[in-house]
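Chains, contacts and geometry: an overview
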Amino acid sequence: MLEVAIQHRLGAFALDATFVTTARITALFGRSGCGKTSILNAIAGVSRPQSGRIALNGRVFLDVAQNVCLSPNVRDIGYVFQQGLLFPHLNVADNLFFSKRLSEDTPQARRLIELLGLGALLKRRPRDLSGGETQRVAIGRALLSNPSLLLLDEPLASLDAQRKHEVLTHIEQLRDEVGIPIVMVSHSIDEVIRLAEHMVLLEDGRVKAAGAVDELLARLDLAPATGRHEAGAVIDAEVASHDVEHAVTLLRFDGGELTIPRVVASPGHRLRVRLRARDVSLALQRPVDISINNILEGTLLEIRDEVGAIVDVSLRVGEARILARVTRLSLGRLRLQPGQRVYALVKAVSIDRHSVGYA
Amino acid sequence: MLEVAIQHRLGAFALDATFVTTARITALFGRSGCGKTSILNAIAGVSRPQSGRIALNGRVFLDVAQNVCLSPNVRDIGYVFQQGLLFPHLNVADNLFFSKRLSEDTPQARRLIELLGLGALLKRRPRDLSGGETQRVAIGRALLSNPSLLLLDEPLASLDAQRKHEVLTHIEQLRDEVGIPIVMVSHSIDEVIRLAEHMVLLEDGRVKAAGAVDELLARLDLAPATGRHEAGAVIDAEVASHDVEHAVTLLRFDGGELTIPRVVASPGHRLRVRLRARDVSLALQRPVDISINNILEGTLLEIRDEVGAIVDVSLRVGEARILARVTRLSLGRLRLQPGQRVYALVKAVSIDRHSVGYA
Amino acid sequence: LSVASAQAADVTVFAAASLKESLDAVVREFERQSSSKVVVSYAASSALARQIENGAPADVFFSADLEWMDYLTSKRLIVASTRTSLLRNELVLIAPTDSKLTIRIEPNLDLRSALGEGRLAIANPDMVPAGKYGKAALTHYNAWSAVEQRLARAENVRAALLLVALGEAPLGIVYRTDALAEPRVRVVASFPPVSHPDIVYPAAVTSASRSTRAKPFLDFLSTPAAAMIWTRYGFRVLAAPASPR
Amino acid sequence: MDNDALLQIVGLSMKVAFCSVLLSLPLAMIIAYVLARYDFPGKTIFDAIVHLPLVLPPVVIGFALLLTLGRNGPIGSLLHDWFGIVVAFKWTGAAIASAIMGFPLMVRAIRLSVMAIDRRIEHAARTLGASPLRVLVSVVLPLALPGIITGSVLSFARSLGEFGATITFVSNIPGQTQTLPLAIYTATQVPGDEAQIQAIWLSLVAVALSVAALAASEWLSRRYNTNA
Amino acid sequence: MDNDALLQIVGLSMKVAFCSVLLSLPLAMIIAYVLARYDFPGKTIFDAIVHLPLVLPPVVIGFALLLTLGRNGPIGSLLHDWFGIVVAFKWTGAAIASAIMGFPLMVRAIRLSVMAIDRRIEHAARTLGASPLRVLVSVVLPLALPGIITGSVLSFARSLGEFGATITFVSNIPGQTQTLPLAIYTATQVPGDEAQIQAIWLSLVAVALSVAALAASEWLSRRYNTNA
Ligand SMILES: Nc1ncnc2c1ncn2[C@@H]1O[C@H](COP(=O)(O)OP(=O)(O)OP(=O)(O)O)[C@@H](O)[C@H]1O
Ligand SMILES: Nc1ncnc2c1ncn2[C@@H]1O[C@H](COP(=O)(O)OP(=O)(O)OP(=O)(O)O)[C@@H](O)[C@H]1O
Ligand SMILES: [Mg+2]
Ligand SMILES: [Mg+2]
């Protein structure tokens, strides 16, 4: 459990952030300049808030009232800084192993170097690295310090999609296998959705909302902050079976079944599947001879009336709630009304790796 | 027309890149460390390749054989560096107007400062800026130098979605109104697709492929580099009419009509619409009572056989070609065959601003 | 800046640094009597001589050293006819005031054992006049070779004096004038004049001098009024007043 | 020593120190920049020449100045014959001597700061249309300010303490070339308590001046600090 | 002067210069770090004390050394009574004098480099578990290397040229305290061409030593350069 309650002034900017999270991955989300880096700095101990308290699993890092402030070096935190901040006088290898917590010939270290594609760069000086290479070394350096809390400040900003995916996978593994709690800053809601369970939404130095990622994303009042096109819902489902021939997995949840591209999970395993509103269409009759695999029967609950071309509609499917996004034109054409029986059409191909998480 | 043909060695890295582009926006795309920044540096003149030639619209920037190398300051280039590189001793305003080409009280400057949200920061020193603020100042500084070529090295990496959208819009306006050619580096294929017409795909310092963005994205051999889930097709269409009440625009192309969320373009105007394969479903009969607005009749051309859950299918709709992505499960269920008559279902909401460009 | 100093000097004197106190007093007296302005530049005689050689605006050169005066004379940079040996000084052996040492100056003088572990403070015998005189005197009493390795060679005679005053050196060789002015030392013995060349301070008007007051000032240095001051500081006055031309 | 004389000495010392800093600053900046940024054959020799005033005893430098800038010296006679300028035995000569003695300190400090500048910042300025000269003036100089300030302070302090070269080159003429260190030296040349007290008193004045200079430099560097 | 005497003088000078650099380096680094990083009441005064050897004429510093480190001085008598150490009239005293004279140069150069270090790099080291001491040793010192090298060169060069404080404090004893500058000075004090030639000859030796020191420092800073 990470408890943060800090106040700090920086010129005209006032940070006043309080949140508690028990999630394995917590995302700090908010516009540029809202105070995300400032919060990470306070947690890591590289800046000292004017008042407040920070504790991790009961270990007090900071308590200004009690005049407690642990040194950064005993907080046992891995921090990937927004600007990399490599040691310019050390080569990549010495940067990576600066913390001395892991040595260069542990399998763990070798695997990470491989994953980050740093093998050929070990003897290079930071000034001879490209932007993305710098960022990867910074990630490696923090991970190799074997921390008990990981702080990531937009660590993937200048990585290509493939590397980003690999690093994200690695972070997921850390989360799942090693169980290191992570606090991350990201401007990509996709990343947040994929990785984080808990989200702290910041605005102008204050916590505007904090809670489960799905909840926050489903809250329409937060849409301007979270990005409207990402609205969606999460379904808790169980792996029913695998269709090896077609490489798909069948999931079961209390509103029906879902076919999705194959995931690695044994039957009975519970998964969280995110269905984005924009990927869900509606029909009044069950369509036939259509490539869409998932046709879920449900009840139209609510039509969120808005201006513009697009309308979000919520449905109940079994006990689950899902969101569909349609044009206002279709809304009129189909004469959709709350309480109506409808079919939700969900393309299997729209549920990619990014949408599936392990509960 | 920008002509680049340069060779340069940096330690073990050999850059050997040749490309010509007449596009308004050219994207350099490739994995971290492939040489994107090195190319921009050579174009800007901050590094001098060991051999080669660079020319913009016939003006020779560099010709090592002729011993020509224009100074960076006369190349008239706006360069947004990957690391920002603000002047640490100058406040934001002095950074922005360093080039002295535009003064602080021109409407243009005021508009840009407003757009970048820098109004409150003008008196700040760079060290007191957040990561995203730094990046915005760097963008503003380059744009305010009134360049005749703009180089952008991942300028949007740490901007939030909303600001990113605003800046992208501004860059589009520059492209369209002022006609400044732009060379940009981005790791986000979305950004590339949205903005760029021409793409230079780099691998290990060499040009692996160069050409129109759509062409390159449609090439399956480049899929590992460009990211498979972005496969799609581009349709040339004409604005037919606007439905003001429902805020949608009706487009006509030779394969039928398309309803999309309203765009600002007068009837008769030609648009390029990108339909992503993953947003296109197939049906054997025309579905009724369905929220999907666009149902296009076409002929199945080709089934790209692949392993895994997902299959890409190409169709002809009128003279246009579009791609649909379905599961292999559906392929079997519907018994799809080349030559078959099918209906392509395209959700109007999936065609967002990001997918529409002005031809 | 005060009015007095702003006004140009009537006479500029280049004088050996060791003359500072006494010459200052004489200058004050001259200024009072003649209402002319005299400035004195104190430095090592060697430096002053070189400066005069290189066009320094000196009207009078007042050296602690015959050698450098001879050097200028040979280069015709001083008016030979004005050269006088004005003052005489004495060479003394000193010790800190609280020292119990008693030494008699005599042939085969044994300074080595008197020094014990300590060193004999002396101005550099290779170049500084006081050192050269000291070396001559010790040689005269066959004491030189015994102490040559036990010298504290100071930059000038004042530095040697200080070494003794601070107790860094148990013994030192300085001029009597210096010894008198320093309360922390006492004179242990005097070297008889026979033991070393005459210690005289020559003065002369420079060839480049355009000052009408230079010669009167030089003459004043040997007036009875001046002589009183010199004597007060421990010098002996050598020359009789020169007759005006 | 009366108050007037003290004021005169202090005034002269300040004048000499200020002028020596101003005199050496432009050339020191150019040489520091060249040494920081360029490699050329004979660079080490050139560097050694810059360090000469530090390496040789001050008296030797003073003597060399006397021989070259004195009225009979090659440069001194030129200056005198062509421009009617005489620096030997003038306060200007003292300023020149101080400037030369402080020169290596100034060059090294500025060079250190220039070498710490991220060259990519200069590249950024070039792409914004700045000529090399403008980059120098608007980017390099401000970013090298810590070194320029430190160099100036060192040179100023050196000037307050410069003795050997000054007394050798311009002699020790009260009201004209007798700066504070020369006055202190002169006082130390007189035995006895009174003179010693005067020497200490003058030394305290020198220290006070240096405290003032340091306070000013701290204020300056705080004001224009670029590194938090 | 014969070859043996010359060798002896050069050897002694090198020994004194090296030891003075080594002697002052640790303290200079600490003081430079403190001055660069901390604000405290009386900082300017403290800074002025550090600059004292530069501001006061060398002879005064020599006197001050004599008064404190001499056999009857407060520190000198302690050293003698407790450890049997005597520095007056010894080459060790010359090294101390040189160290003190070069001290402000060293402190200022190192301070300049420490101030140029991005503190966030140190923060990064702290988050990686480095104690403040390890940060100092593994991050600050290497990054301040340009300043440390420059400071050492300046101090070394100053030592080669130091005259006033040395001769006052430890006198001019051939074979023991007669360093190169003292020998050069001695030669300049004798009239005549022969002495002058010797002075020039010895000066050339000093210059050669400084060229060697500079070349070594250039090599070092090139080797450990952190800024392209
Ligand atoms: N001084 C150098 N010595 C050796 N290799 C270098 C040097 N500078 C850059 N490189 C290498 O050159 C390659 C190209 O660098 P460049 O900065 O152009 O990459 P990039 O495509 O911009 O990458 P990124 O997306 O990570 O910023 C990289 O592999 C980098 O490691
Ligand atoms: N020294 C300072 N003086 C005044 N304001 C400051 C200072 N340092 C930071 N700020 C302001 O504090 C706010 C929070 O900064 P912070 O770096 O935490 O933002 P952030 O959320 O990380 O933004 P980004 O996404 O752009 O990195 C910003 O508005 C910034 O301008
Ligand atoms: Mg930030
Ligand atoms: Mg790059």
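What you see is a predicted model; the values in this text were computed from it and never measured.

What follows deals with the relation of the copies chain E and chain D. Rotating chain E by 180 degrees and moving it 0.0 Å along the rotation axis overlays it on chain D with an RMSD of 0.2 Å. Both chain copies can therefore be described as sitting about a two-fold axis. Rotation axis and chain E: the residue whose C-alpha lies nearest the axis is A109 of chain E, separated from it by 3.2 Å. Both copies share a contact surface, since 96% of the interface residues of chain E are interface residues in chain D too.

Okay, the coordination of the magnesium ion (ligand 4) next. All names here are of chain B. Within the first shell, the magnesium ion (ligand 4) binds the protein through T37 (OG1) and Q82 (OE1), at distances of 1.9 to 2.2 Å. In this pair, T37 is assigned in helix α1 (residues 36-44) and Q82 in the loop between β7 (77-80) and α3 (92-96), connecting sequence segments 45 residues apart. The exposure class assigned to Q82 is buried, which follows from its relative accessible area of 18%.

The extent of an interface is frequently quoted as the accessible surface area lost upon association of the parts. At the interface, 54 residues of chain E touch 52 residues of chain D. Here chain E meets chain D over a buried area of about 4,300 Å², counting both sides, of which 70% is carbon and sulfur. For the chain E face of the interface with chain D, the top three residues by lost area are V55, R108 and L112 of chain E, together amounting to 15%. Where chain E meets chain D, there are four salt bridges. Put simply, E218 of chain E and R111 of chain D hold a salt bridge, and the shortest N to O gap is 2.4 Å. Summed over the shared surface of chain E and chain D, the result is eight residue pairs in polar contact (both at pLDDT 80 or more). Of all the secondary structure elements, the ones that give two or more residues to the side of chain E that touches chain D are α2 (43-55), α3 (58-69), α5 (91-115), α8 (145-161), α10 (180-188) and α11 (193-223) of chain E. Looking at the side of chain E that touches chain D, the element that brings in the most residues is α11 of chain E, giving 10 residues.

Listed as protein donors to the magnesium ion (ligand 3) are T37 of chain A (OG1) and Q82 of chain A (OE1); their distances from the metal cover 1.9 to 2.2 Å. By relative accessible area, which is 22% here, T37 of chain A ends up partly exposed.

So, about the nonpolar core. Buried together is how nonpolar side chains tend to be arranged in soluble globular proteins. Ranked by internal contacts, the top residues of the largest apolar core, which has 305 residues, are L23 and F62 of chain C. Ignoring any residue separated from it by four or fewer positions in sequence, one finds L23 of chain C in contact with V13, A15, V40, Y42, F62, F217, L221 and W230 of chain C.

Here S46 of chain C lies in helix α3 (residues 45-53). If near-sequence neighbours (up to four positions away) are discounted, S46 of chain C is found in contact with W68 of chain C together with Q189 of chain E.

Moving on: the interface of chain B and chain A. Every contact between the two is made by 61 residues of chain B and, on the other side, 61 residues of chain A. Summed over both partners, the interface of chain B with chain A buries about 4,900 Å², with 48% contributed by carbon and sulfur atoms. Looking only at chain B, the three residues that lose the most surface to chain A are R31, R278 and D289 of chain B, adding up to 13% of its buried area. Taken together, the connections running from chain B to chain A amount to two salt bridges. The partner of D279 of chain A in a salt bridge is R278 of chain B, and the shortest N-O contact between them spans 3.7 Å. Connecting chain B to chain A are 25 residue pairs in polar contact (both at pLDDT 80 or more). Listed by contribution, the elements that provide at least two residues to the side of chain B that touches chain A are α5 (131-143), α6 (161-178), β14 (256-261), β16 (280-283), β19 (320-327) and α10 (328-333) of chain B. Partitioned by chemical class, the residues of the side of chain B that touches chain A number 23 nonpolar, 20 polar and 18 charged.

Two copies of one chain are present, and they are related through a rotation about an axis combined with an axial shift. Superposition of chain B onto chain A requires a rotation of 180 degrees combined with a translation of 0.1 Å along the rotation axis, giving an RMSD of 0.3 Å. Of the residues that chain B buries at the interface, 100% are likewise interface residues in chain A, meaning the two copies contact each other through the same surface.

Right, let's talk about the site of ligand 2 for a bit. Residues in contact with ligand 2 amount to 19 residues; listed here are only the nearest, T37 and S38 of chain A together with R124, S130 and G132 of chain B. L10 of chain A is positioned such that a nitrogen or oxygen atom in its backbone is 3.1 Å from a nitrogen atom of ligand 2. Separating a nitrogen atom of ligand 2 from a side-chain N or O atom of D128 of chain B is a distance of 2.8 Å. For the shell around ligand 2, the per-class residue count stands at three nonpolar, 11 polar and five charged.

Attention now moves to the site of ligand 1. Contacts to ligand 1 come from 19 residues, most closely from R124, S130 and G132 of chain A together with T37 and S38 of chain B. Residues within reach of ligand 1 are spread across chains A and B. Take S130 of chain A: an N or O atom from its side chain is 2.6 Å from an oxygen atom of ligand 1. S38 of chain B places a side-chain nitrogen or oxygen 2.5 Å from an oxygen atom of ligand 1. Protein contact buries 90% of the 640 Å² of open area that ligand 1 shows by itself. Looking at the shell around ligand 1, the elements that each hand over two or more residues are α5 (131-143) of chain A together with α1 of chain B. The residue makeup of the shell around ligand 1, split by class, is three nonpolar, 11 polar and five charged.

Let us now look at the environment of A210 of chain B. All names here are of chain B. By the secondary structure assignment, A210 is in strand β11 (residues 206-212). Overall, the relative accessible area of 39% leaves A210 in the partly exposed class. Counting along the chain gives 43 residues from A210 to V167, while the straight-line C-alpha distance between them is 26 Å. When near neighbours in sequence (up to four residues on either side) are disregarded, A210 contacts H198, M199, V200 and L216.

It is worth spelling out the domain arrangement of chain A at this point. Considered domain by domain, chain A is made up of domain 1 (2-217) and domain 2 (232-358). For domain 1 of chain A and domain 2 of chain A, the distance between their C-alpha centroids amounts to 34 Å.

Calculation rules
- Residues numbered from 1 in each chain as written.
- Chains lettered and ligands numbered in written order.
- Predicted model: local features only at pLDDT ≥ 70, side-chain atom pairs only at ≥ 80, totals over all residues.
- Heavy atoms only, no water.
- Least-squares fit on C-alpha atoms with pLDDT ≥ 70 in both.
- Contact = heavy atoms within 4.5 Å.
- Donors = N, O, S within 2.8 Å, 3.2 Å for Na, K, Ca; no water.
- Helix = DSSP H or I, 4+ residues; strand = E, 2+ residues; numbered from the N terminus.
- Buried < 20%, exposed > 50% of the residue type's maximum accessible area, 1.4 Å probe, protein only.
- Buried area = accessible area lost by both parts, 1.4 Å probe.
- Salt bridge = Lys/Arg side-chain N within 4 Å of Asp/Glu carboxyl O.
- Polar contact = N/O pair within 3.5 Å; in protein donor to acceptor, adjacent residues only side chain to side chain.
- Core = buried A, V, L, I, M, F, W, Y, C linked by side-chain atoms within 4.5 Å.
- Nonpolar A, V, L, I, M, F, W, Y, C, P; charged D, E, K, R; others polar.
- Near = heavy atom within 4 Å.
- Areas by Shrake-Rupley, 256 points an atom, 1.4 Å probe, with all protein chains shown as cover.
- Domains from an automatic or database assignment.

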